[in-house]
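Geometric and topological summary
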Amino acid sequence: MEILPSYFMLMADQVGKCAAGATGRTILMTRSLAEVLSTAPLP
């Protein structure tokens, strides 16, 4: 589950960046997180 730390690091990295681009970056990050969680095997 290395995606979670990198997801939150990307969220923190958006501080101070263009607000219009932040929406697109957030959608892409959420999509990648959803893909990883949906393909992860259940414990």
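In this report, we go over the structure that sits alongside the text. Keep in mind that this is a model prediction, so the values were computed, not measured.

All right, on to the environment of Lys17 then. Residue position: Lys17 is located in the loop between helix H1 (3-13) and helix H2 (19-39). For Lys17, a relative accessible area of 42% puts it in the partly exposed group. Separated by 20 residues in sequence, Lys17 and Leu37 have C-alpha atoms that sit 27 Å apart.

The next subject is the pattern of salt bridges. A full pass over the atoms with the stated rule returns one salt bridge. A salt bridge links Glu35 to Arg31; the shortest N-O distance between them is 3.3 Å. One end of the pair is Glu35 and the other is Arg31, both in helix H2 and four residues apart, which spans about a single turn.

Turning our eyes to something else, we now look at a nonpolar patch on the surface. Taken together, the side chains of Leu4, Phe8 and Met11 define a hydrophobic patch exposed on the protein surface, amounting to about 270 Å² of accessible area. Counting through the fold element by element, Phe8 comes out in helix H1.

Parameters and conventions
- Residues numbered from 1 in each chain as written.
- Predicted model: local features only at pLDDT ≥ 70, side-chain atom pairs only at ≥ 80, totals over all residues.
- Heavy atoms only, no water.
- Helix = DSSP H or I, 4+ residues; strand = E, 2+ residues; numbered from the N terminus.
- Buried < 20%, exposed > 50% of the residue type's maximum accessible area, 1.4 Å probe, protein only.
- Salt bridge = Lys/Arg side-chain N within 4 Å of Asp/Glu carboxyl O.
- Patch = residues over 30% accessible without salt bridge, like charges linked within 9 Å, V, L, I, M, F, W, Y side chains within 5 Å.
- Areas by Shrake-Rupley, 256 points an atom, 1.4 Å probe, with all protein chains shown as cover.

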